[in-house]
Amino acid sequence: MPIGNLDVPVIGKNVVIAVLVQSHILFAAFIIGAVLIAATSEYLGMVTKQNNYERFARNLARFVVLLFASGAALAITFVLALVTLFPVFFSILQNIFFWVFLVEAFMFLGQIIIVYAWYNVWDKLAYRKSLHVVFGFIAGFFGLMAMTMIDAVASFMLTPAEVTSEASLVARSFLNQTMVPLNMHRFVGNFSYAGFLIAGWAGWRYLRTTREDDREYYDWMGHFGLLWGFGFLIIQPVIGYGYLKGIRESAPESFNTIMLGDKAWLFNLLVIWIAVLSIASTAYFVHKLRFAIEPMETLRKLAVGALGFTALFTVLNIIPTNASLIPQIGLVFGQGEETEIPLGSMYPWKYIGLIGLMLVGFFIVALYLRASATGFHWGRASRWSQYALMACAFFVVLTMVTMGYTRETARRVDNDPGYLINGCVKLDQSIVKEGCPTIPITEGKGG
Amino acid sequence: MELALLLQQGSTGDPTAIGIFRFFAAFFLIITIYSSSLGFTYWISKEE
């Protein structure tokens, strides 16, 4: 009998963990992305001598330093909740991933120390700017390493491999089948997520401010943030495909559940959010091209065409495969799974939609960067373009939350039973004896 | 009934009324914690 089967009234203990982890990730991903964006911006400011980059980098670094408290508080509360509510599961994870957790803790410590030092010596190192920029990138590196460690654990929970000896421990646990694609997915996602949030914040400030110089600055900041946000978003379908391929090969039942089965609605939801992000970003770029210092009518007409294609490809992604939309709440039409919807199948329509979205995305970003090279008249953006940026910030948060839920719920195929470590440790923390990858380690160590 | 199944009853992955309630309760809590922490951080970061 497992020890400590505590439950939490009303919301249940699963929700407690989900809330703490999801909230923490929303801060952690932003901090990792923002530190690297700020360090890059500081470097660009050093090279180009444009004041906007330096002002932006310093303000963002200051915000990250202050935001660290919330992210760290949620992290430690989550660990406390996990130890209290799932003690057996946590001890199993510790058994397999002791060194990973240890390295993660020190990377986290390194990140805190360097981020604080980076912000505090900003003026002191004003004449040694290169060194100061390096501080920012080192802080970002520590954050990425901490993320990598925790990704090993998170990916192992979905696609554990059988660890049969000490020699195969690292290869089969740390480098399990979905670890690398998950890490790449999150690495790129950090930039995209932080970029969209920065753009949304800039949009909000642009609409609120009354000073002309601030309007110009926030207009520029919205453009800069969106370049990061959308620029990295369009890489995600390829990486996401690699991640899903890993899940399909090593946990086919989970893949079927989230892509084709009862939880496929989560992916429909996800592509709706991505559709909003893509259309809002492209519309912003089209709008912005009107304010290029050097008039670029042809470029703008091409961008309008790209907006049309973006809308077309997002529609292809959104169309559900069959009429069983959300079976959990009875949202099923016609014959349910038997009723196939035209243009809704994964092959070829979803592939065409995703690849098309990427190609059009690269095309519009290239057009926009071409126009950026000659510069824009800042401070003249319309109200609607700023609403588009704010919509991006809102929908990117929904994207993050939806993706987090999708990955975690993939271990609950038919809920019979649900797993903490897929196919190995059940929700009541009991170990499945047959085929459980952790058996040799736990039994070998007396677990 | 097996304990594993009992624990899952009414959870977020279960299509019962309490499961749906918990799904939205979790979402509401995440957004609340997130937005209030961001708002708090903005408030303490304002230079006035």
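Remember, it's a predicted structure, so these values are computed and weren't measured experimentally. (Residues numbered from 1 in each chain as written. Chains lettered and ligands numbered in written order. Predicted model: local features only at pLDDT ≥ 70, side-chain atom pairs only at ≥ 80, totals over all residues. Heavy atoms only, no water.)

Colleague: What am I meant to see in unusual backbone geometry here?
Modeller: All names here are of chain A. Tyr-347 connects to Pro-348 through a cis peptide bond whose omega is 5 degrees. Within the element layout of this structure, Pro-348 appears in helix α12 (residues 346–374). The backbone phi angle of Val-10 is positive, close to 65 degrees, even though this residue is not glycine. Backbone geometry at Lys-49 places phi at a positive 60 degrees, although glycine is not the residue there. Under the relative-accessibility criterion, Lys-49 is labelled exposed at 69%. (Helix = DSSP H or I, 4+ residues; strand = E, 2+ residues; numbered from the N terminus. Buried < 20%, exposed > 50% of the residue type's maximum accessible area, 1.4 Å probe, protein only.)

Colleague: Is there a simple way to think about the nonpolar core in this case?
Modeller: In a soluble, globular protein the nonpolar side chains are often hidden away together inside. Residue and element names in this part refer to chain A. Among the nonpolar cores identified, the biggest contains 125 residues, and Phe-30, Ile-37, Phe-56, Phe-89, Phe-97, Tyr-193 and Ile-421 are the most heavily contacted of them. The greatest single-element share of this core, amounting to 17 residues, is contributed by helix α1 (residues 12–48). Ile-37 has contacts with Phe-56, Leu-60, Phe-191, Ala-194, Gly-195, Ile-198, Phe-224 and Trp-228, leaving out every residue within four places of it along the chain. (Core = buried A, V, L, I, M, F, W, Y, C linked by side-chain atoms within 4.5 Å. Contact = heavy atoms within 4.5 Å.)

Colleague: In this structure, what is going on with the side chain of Asn322(A)? I would like to understand it.
Modeller: Within the element layout of this structure, Asn322(A) appears in the loop between α11 (297–318) and β1 (324–326). For Asn322(A), the side chain forms a polar contact with the main-chain nitrogen of Ser324(A), separated by 3.0 Å. (Polar contact = N/O pair within 3.5 Å; in protein donor to acceptor, adjacent residues only side chain to side chain.)

Colleague: Can you walk me through helix α3 (residues 87–120) of chain A in this structure?
Modeller: Here α3(A) is 34 residues long, yet its end C-alpha atoms lie only 39 Å apart, well below the 50 Å a rise of 1.5 Å per residue gives. Of all bends in α3(A), the biggest is about 90 degrees, found at Phe97(A). (Expected span 1.5 Å × (residues − 1). Bend = angle between axes of the 7 residues up to and from the residue.)

Colleague: Please explain α11(A) as it appears in this structure.
Modeller: Side chains that are three or four residues apart share a direction in an α-helix, a result of its 3.6 residues per turn. All names here are of chain A. An ideal rise of 1.5 Å per residue puts 32 Å on 22 residues; α11 measures up with 32 Å between its terminal C-alpha atoms. Along α11, the positions that sit buried rather than exposed are Leu-299, Ala-303, Ala-306, Thr-310, Phe-313, Thr-314, Leu-316 and Asn-317. Taken end-on, α11 shows its buried residues confined to a sector of 140 degrees, consistent with a single buried face. As for α11, its buried residues are in contact with α10 (264–288) and α12. (Arc of directions from axis to C-beta.)

Colleague: What should I look at first to understand the confidence of the model for chain A in this one?
Modeller: Close reading of the predicted structure is inappropriate where its pLDDT is low. Looking at chain A, the pLDDT average stands at 91 and 96% of residues meet or exceed 70. Across residues 440–447 of chain A the pLDDT falls below 50, and counting only partners more than four positions away or on other chains, this stretch makes 10 contacts in the model. (pLDDT = per-residue confidence, 0-100.)

Colleague: Sorry, what's going on with empty space enclosed by the protein here?
Modeller: Where empty space is left can be seen by rolling a probe of water-molecule size over the atoms. All names here are of chain A. Counted under the stated rule, the structure contains 1 cavity of 30 Å³ or more. Quantified by volume, the largest cavity comes out at close to 30 Å³. Considering the residues around the largest cavity, the lining is formed by Val-271, Ile-274, Ala-275, Thr-314, Asn-317, Leu-354 and Leu-357. Where the lining of the largest cavity is concerned, the elements lending two or more residues are α10, α11 and α12. Within the lining of the largest cavity, the residues separate by chemical class into 5 nonpolar, 2 polar and no charged. (1 Å grid on protein atoms, 1.4 Å probe; cavity = no way out; pocket = protein on both sides within 12 Å on 5 of 7 lines; lining within 4 Å. Points joined across faces, edges and corners; volume = space filled by probe spheres on them. Nonpolar A, V, L, I, M, F, W, Y, C, P; charged D, E, K, R; others polar.)

Colleague: Can you walk me through the interface of chain A and chain B in this structure?
Modeller: It is common to give the size of an interface as the accessible area that goes away when the parts come together. Each partner contributes residues to the interface: chain A has 38 residues there, and chain B has 31 residues. The contact between chain A and chain B buries some 3000 Å² in all, and 69% of this surface belongs to carbon and sulfur atoms. Joining chain A to chain B, the criterion identifies 0 salt bridges. Applying the counting rule to chain A against chain B returns 5 residue pairs in polar contact (both at pLDDT 80 or more). Those elements giving two or more residues to the side of chain A that touches chain B turn out to be α1, α2 (51–85), α6 (179–208) and α13 (383–409) of chain A. (Buried area = accessible area lost by both parts, 1.4 Å probe. Salt bridge = Lys/Arg side-chain N within 4 Å of Asp/Glu carboxyl O.)

Colleague: How do you make sense of a negative patch on the surface when you look at a structure like this?
Modeller: A cluster of acidic side chains, namely Glu253(A), Asp262(A), Glu337(A), Glu338(A), Glu340(A), Asp414(A) and Asp416(A), defines a negative patch on the protein surface. With respect to the secondary-structure elements, Glu337(A) resides in the loop between β2 (331–332) and α12. (Patch = residues over 30% accessible without salt bridge, like charges linked within 9 Å, V, L, I, M, F, W, Y side chains within 5 Å. Areas by Shrake-Rupley, 256 points an atom, 1.4 Å probe, with all protein chains shown as cover. Lys, Arg positive; Asp, Glu negative; His and termini not counted. Charge placed at Lys NZ, Arg CZ, Asp CG, Glu CD.)

Colleague: Looking at this structure, how should I read the layout of surface pockets?
Modeller: Taken as a whole, the second largest pocket holds about 1300 Å³ of empty space. Lining the second largest pocket are 32 residues, with Phe63(A), Trp201(A), Trp204(A), Arg205(A) and Tyr42(B) sitting closest to its centre. Secondary structure elements with two or more residues in the lining of the second largest pocket: α2, α6, α7 (212–233) and α13 of chain A together with α2 (17–45) of chain B. Tallied by class, the residues present in the lining of the second largest pocket amount to 21 nonpolar, 5 polar and 6 charged.

Colleague: Help me understand the packing of aromatic side chains, please; the structure alone is not making it clear to me.
Modeller: The description of an aromatic ring pair rests on the distance of the ring centres and on the angle between the ring planes. For the coordinates displayed, the defined rule picks out 37 aromatic pairs over all chains. On the basis of an interplanar angle of 25 degrees and a centroid distance of 5.6 Å, the ring pair of Phe191(A) and Trp228(A) is categorised as stacked. With Phe191(A) in helix α6 and Trp228(A) in helix α7, the pair connects residues that are 37 residues apart, well separated along the chain. Taken individually, Phe191(A) and Trp228(A) each receive the classification buried, so the pair is uniform in this respect. Seen in terms of ring centroids, Trp265(A) and Phe23(B) are 6.3 Å apart; in terms of plane orientation they differ by 65 degrees. Their pairing is edge-to-face. With Trp265(A) in helix α10 and Phe23(B) in helix α2, this pair bridges two chains. The exposure class of Trp265(A) is buried, given its relative accessible area of 14%. Relative accessible area serves as the criterion here: at 24%, Phe23(B) is assigned to the partly exposed category. One residue, Arg55(A), lies across the ring of Tyr217(A), its end atom 3.7 Å from the ring centre. Lying over the aromatic face of Phe255(A), Arg248(A) brings its terminal NZ or CZ to 5.7 Å of the ring centre. (Phe/Tyr/Trp six-rings, centres within 6.5 Å; stacked < 30°, edge-to-face > 60°. Lys NZ or Arg CZ within 6 Å of the ring centre and 35° of its normal.)

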